[in-house]
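Spelled out from the first residue to the last, the chains are:
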Amino acid sequence: GTYFDTVTQSIHRVNFKDGRLYMGWWGLQTLTNHEFSAGPLTKFVFHTVNGQVVMTKKEKGNINTVYQRVEKGLRPKEDPKQYKGIYYCSELGVYYNIDLTENGFIVNVPRNEPIKFTTFMPDIYEGEYNFVIRFKRDIHGRASGFYLSNGQARNLYFAKMAYHM
């Protein structure tokens, strides 16, 4: 299944193939019925909390990360036009431009190739290279900015410079 952590804004997909669990290409070693190892420093534990399946990532030397299972078919079709525009990150001192595509949108990043994004959850989009965007809304319900995360950066805020109708 697919698991998402709202704190780190990260996504993990767990697949079952040939009698073994995989996270991407990485085969997980079975420790118990609910515990699996991804090497000597990382374990994944599956359990239920309030009837919801969760996966806890336990890494030596790090705080545990709890991922909620996201059911397939619950990904809404949002109108990506609301996200079109220019966004500014004061922490990086950079502007990103969001343009529409047939299947979502792309983020034009200075000095790099555009990054394609598709719907993951309401106001949350996943992109190439493990990027995740979570949009913020103003009091009128309009997208007023977004938080960008990937494996190395977490919750970089980009404010929308102008609304496009």
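Residues numbered from 1 in each chain as written. Predicted model: local features only at pLDDT ≥ 70, side-chain atom pairs only at ≥ 80, totals over all residues. Heavy atoms only, no water.

J.: Where do I start with the overall build of the chain in this structure?
T.: Within the chain one finds zero helices and 17 strands. Projected onto the principal axes, the alpha-carbon positions of the chain cover approximately 55 × 30 × 30 Å. Evaluated residue by residue, the chain yields a buried proportion of 38% over its 165 residues. Expressed as a percentage of contacts within the chain between residues at least 6 apart in sequence, the contacts between residues at least 24 apart total 33%. Accessible surface computed for the chain: about 10400 Å², of which carbon and sulfur atoms make up 51%. Computing the positive centroid from 21 side-chain charges and the negative centroid from 15, the chain places the two 3 Å apart. (Helix = DSSP H or I, 4+ residues; strand = E, 2+ residues; numbered from the N terminus. Buried < 20%, exposed > 50% of the residue type's maximum accessible area, 1.4 Å probe, protein only. Contact = heavy atoms within 4.5 Å. Areas by Shrake-Rupley, 256 points an atom, 1.4 Å probe, with all protein chains shown as cover. Lys, Arg positive; Asp, Glu negative; His and termini not counted. Charge placed at Lys NZ, Arg CZ, Asp CG, Glu CD.)

J.: Help me out: how do you make sense of the sheet that holds strand 1 (residues 2-5) in this one?
T.: One key point about sheets: their strands pair by backbone hydrogen bonds, in either a parallel or an antiparallel sense. Pairing within the open sheet is antiparallel, and its nine strands lie in the order 4-3-2-1-9-8-7-6-5. At either margin of the open sheet sits one strand with a lone partner, and together these are strand 4 (26-27) and strand 5 (29-30). Pairing between strand 6 (residues 35-37) and strand 7 (residues 42-49): three bridges, direction antiparallel. Each residue of the ladder has a partner; that of Ser37, found in strand 7, is Lys43. (Pairing = 2+ DSSP bridges.)

Scope: geometric values only; no functional claims are made or implied.
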